Amino acid sequence: MTTASWAVSGMACGHCAAFVTEEIERLRGVTAVAVDVEAGTVTVTSDRVLAVAEVRAAVEEAGYELTDPR
């Protein structure tokens, strides 16, 4: 298992978190997603190392911006 966190901009509420979670959960190997709207972060646990580009694409599909790895 591997865990990584990223900063996400544009999230303001629980609905935002749900959209981001839904898109990231679609990535192969993802086992858990934790979004902290107040901190503007997402933490992803997966059974493989995820490429930043994969996570960025999922976050952008949800309508938000991945700003940097944490």
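The structure displayed is predicted, hence computed values, not measured ones. (Residues numbered from 1 in each chain as written. Predicted model: local features only at pLDDT ≥ 70, side-chain atom pairs only at ≥ 80, totals over all residues. Heavy atoms only, no water.)

### Points about helix α1 (residues 14-25)
Structural remark: α-helix, 3.6 residues per turn; residues separated by three or four positions point the same way. With 12 residues, α1 extends 16 Å from end C-alpha to end C-alpha; this agrees with the ideal 16 Å at 1.5 Å per step. Along α1, the residues that are buried comprise Cys16, Ala17, Val20, Thr21, Glu23 and Ile24. Buried residues along α1 sit against β2 (30-36), β3 (41-46) and α2 (52-61). (Helix = DSSP H or I, 4+ residues; strand = E, 2+ residues; numbered from the N terminus. Expected span 1.5 Å × (residues − 1). Buried < 20%, exposed > 50% of the residue type's maximum accessible area, 1.4 Å probe, protein only. Contact = heavy atoms within 4.5 Å.)

### A word on the state of the cysteines
Applying the stated criterion across every chain yields a total of zero disulfides. Here Cys13 is not disulfide-linked; the sulfur of Cys16 is the nearest cysteine sulfur, at 3.6 Å. With relative accessibility at 31%, the residue Cys13 sits in the partly exposed group. (Disulfide = S-S within 2.5 Å.)

### Regarding the packing of α1 against α2
The interhelical angle for the contact between α1 and α2, taken along N-to-C directions, is 140°, at an axis separation of 8 Å. The orientation of α1 relative to α2 falls into the category oblique. For the pair α1 and α2, the sense of crossing is right-handed. Counting all contacts with α1, which are made through Val20, Glu23 and Ile24, the residues of α2 involved are Val55, Ala58, Val59 and Glu61. In terms of residue class, the contact of α1 with α2 is made up of five nonpolar, no polar and two charged. (Axes fitted to C-alpha atoms, helices over the stretch in contact; angles between N-to-C directions. Parallel < 35°, antiparallel > 145°, perpendicular 65-115°, else oblique. Left-handed = near helix turned anticlockwise from the far one by under 90°. Nonpolar A, V, L, I, M, F, W, Y, C, P; charged D, E, K, R; others polar.)

### So, the pairing of β2
In this structure, β2 lies alongside β3, joined through six bridges in antiparallel fashion. Bridging across to β3, Ala32 finds its partner in Thr45. Hairpin connection, β2 to β3: the antiparallel pair is bridged by four residues, and Gly40 has positive phi, about 70°. (Pairing = 2+ DSSP bridges.)

### Describing the nonpolar core
The tendency in soluble globular proteins is for nonpolar side chains to be buried side by side. The biggest cluster of nonpolar side chains holds 18 residues, and the ones touching the most others in it are Val20, Ile24, Val42, Val55, Val59 and Tyr64. If you list the elements that add at least two residues to this core, you get β1 (2-9), α1, β2, β3 and α2. If sequence neighbours within four positions are ignored, Ile24 has contacts with Val30, Val33, Val42, Val44, Val55, Ala58 and Val59. (Core = buried A, V, L, I, M, F, W, Y, C linked by side-chain atoms within 4.5 Å.)

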